[in-house]
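Listed below, chain by chain, are the residues.
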Amino acid sequence: DVAEETWRIFRIMAEFVDSFETMTRVGPAVSIFGSARIKPNEPYYKEAVELAKGLARHNLAVITGGGPGLMEAGNRGAFEADGESVGLDIQLPTEQRRNKYVKQSKGFHYFFTRKVMLSASAQAYIFFPGGFGTLDELFEMVTLIQTGKISDQVPVILFGKDYWEGIIEWIKKKMMDENHFIEPFEIEILRVVDTVEEAFEIIRQTPERIL
């Protein structure tokens, strides 16, 4: 009914207002995305911890979705380096739960308000391997940059060549070469790396010099 829809609008507004107030206190940050199903003994988890430690040591907050897996790895690295570890989490029937390395958190009822905060709050975006949720977040970021809603100087880093190169090749072949749905310069939004050092080098080269 109308009253219920009106209260839904107020709930959405409240999430945005509270979230923006929270994130203004965080300072310069990098968002890390990836699968909730990666285990602590897996290489990508360990590399995410190492990368997040380095970011924290350069006084950059680390923002994740606040859950387990690679999100936990990002928060853990920042936490162990005594940096700012932020989790923007959402309640789901399975998998999603706040990891113990989050220092500052914000819970969300709506996916879209959470995605706005993940996209609006960082100076760089790093995507580790993940499933549908990670891909959804990735292509939203790319679309925002492609359409000028986010600066094209903000790097979008895909960590793990073995995982991401197949998608990149498909984009080049099907979207760009065969169908001309995107321009060659737009594929350059995506930067594929295989090491923590490569990721840092891309961030160092940004005009804002956030490292």
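Structure report, in brief. Note that the coordinates shown come from a computational prediction; the quantities given were computed from them, not determined experimentally.

Moving on, we come to a nonpolar patch on the surface. Taken together, the side chains of Trp-7, Ile-9, Phe-10 and Met-13 define a hydrophobic patch exposed on the protein surface, amounting to about 490 Å² of accessible area. Of note, Ile-9 is situated in helix H1 (residues 2-23). With relative accessibility at 49%, the residue Ile-9 sits in the partly exposed group.

Here strand E2 (residues 61-64) shows no split at all, with Ala-61 and Ile-63 on one side and Val-62 and Thr-64 on the other all buried. As paired strands, strand E1 (residues 29-33) and E2 are joined by three bridges and run parallel to one another. Bridged to Ala-29 within E2 is Ala-61. The handedness of the E1 to E2 crossover, carried by helix H2 (residues 43-57), is right-handed. Both E2 and strand E3 (residues 85-90) contribute to a ladder of three bridges, which runs parallel. Within E3, the position partnered with Thr-64 by the bridge is Gly-87.

What the rule picks out here adds up to eight salt bridges. One salt bridge connects Arg-204 with Glu-201, and the closest N-O pair in it is separated by 3.5 Å. In this pair, Arg-204 and Glu-201 both sit in helix H8 (residues 196-204), three residues apart, roughly one turn of the helix. For Arg-204, a relative accessible area of 34% puts it in the partly exposed group. Given a relative accessible area of 36%, Glu-201 falls into the partly exposed group. Linked by salt bridges that have partners in common, Lys-53, Arg-76 and Glu-80 make up one network.

Throughout the structure, instances matching the rule amount to six aromatic pairs. Here Phe-33 and Tyr-125 contribute two aromatic rings whose centre-to-centre distance is 6.4 Å and whose plane-to-plane angle is 45°, an arrangement assigned as tilted. With a gap of 92 residues between them, Phe-33 in strand E1 and Tyr-125 in strand E5 (residues 125-127) connect regions that are remote in the sequence. Among the residues examined, Tyr-125 registers a relative accessible area of 0% and is labelled buried. Note on Phe-33 and Phe-127: the rings are 4.3 Å apart at their centroids and 5° apart in plane angle, and the pair reads as stacked. You can see Phe-33 sitting in strand E1 and its partner Phe-127 sitting in strand E5, a full 94 residues away along the chain. These aromatic residues form a ring-pair network of at least three members: Phe-33, Tyr-125 and Phe-127.

This brings us to the nonpolar core. In terms of nonpolar packing, the biggest core is built from 31 residues, with Leu-88, Tyr-125, Phe-127, Leu-138, Val-156 and Leu-190 touching the most fellow members. Counting residues per element, the ones that place at least two in this core are E1, E2, E3, helix H4 (111-120), E5, helix H5 (132-146), strand E6 (156-159) and helix H6 (161-178). Core analysis: the second largest hydrophobic core is formed by 27 residues, Ala-52, Ala-78, Ala-124 and Ile-202 among them.

Right, let's talk about the layout of surface pockets for a bit. Rolling a probe over the atoms, with the probe sized like a water molecule, indicates the empty space that remains. When its volume is computed, the second largest pocket comes out at roughly 320 Å³. Asp-152, Gln-153, Val-154, Glu-188 and Ile-189 are the residues nearest the centre of the second largest pocket, which is lined by 16 residues in total. Listed by contribution, the elements that provide at least two residues to the lining of the second largest pocket are H5 and helix H7 (184-187).

All right, on to the packing of H5 against H6 then. With their axes 14 Å apart at the nearest point, H5 and H6 run at an angle of 45° to one another. For the element pair H5 / H6, the angle class is oblique. Judged by the sense of rotation from one axis to the other, the crossing of H5 with H6 is right-handed. Mapping the contact onto sequence places Thr-134, Leu-135, Leu-138 and Phe-139 in H5 and Trp-164, Ile-167 and Ile-171 in H6. Residues of the contact of H5 with H6, tallied by class, amount to six nonpolar, one polar and no charged.

Conventions we followed
Residues numbered from 1 in each chain as written. Predicted model: local features only at pLDDT ≥ 70, side-chain atom pairs only at ≥ 80, totals over all residues. Heavy atoms only, no water. Patch = residues over 30% accessible without salt bridge, like charges linked within 9 Å, V, L, I, M, F, W, Y side chains within 5 Å. Areas by Shrake-Rupley, 256 points an atom, 1.4 Å probe, with all protein chains shown as cover. Salt bridge = Lys/Arg side-chain N within 4 Å of Asp/Glu carboxyl O. Helix = DSSP H or I, 4+ residues; strand = E, 2+ residues; numbered from the N terminus. Buried < 20%, exposed > 50% of the residue type's maximum accessible area, 1.4 Å probe, protein only. Pairing = 2+ DSSP bridges. Right-handed = clockwise from strand over helix to strand, strands pointing away. Phe/Tyr/Trp six-rings, centres within 6.5 Å; stacked < 30°, edge-to-face > 60°. Core = buried A, V, L, I, M, F, W, Y, C linked by side-chain atoms within 4.5 Å. 1 Å grid on protein atoms, 1.4 Å probe; cavity = no way out; pocket = protein on both sides within 12 Å on 5 of 7 lines; lining within 4 Å. Points joined across faces, edges and corners; volume = space filled by probe spheres on them. Axes fitted to C-alpha atoms, helices over the stretch in contact; angles between N-to-C directions. Parallel < 35°, antiparallel > 145°, perpendicular 65-115°, else oblique. Left-handed = near helix turned anticlockwise from the far one by under 90°. Contact = heavy atoms within 4.5 Å. Nonpolar A, V, L, I, M, F, W, Y, C, P; charged D, E, K, R; others polar.

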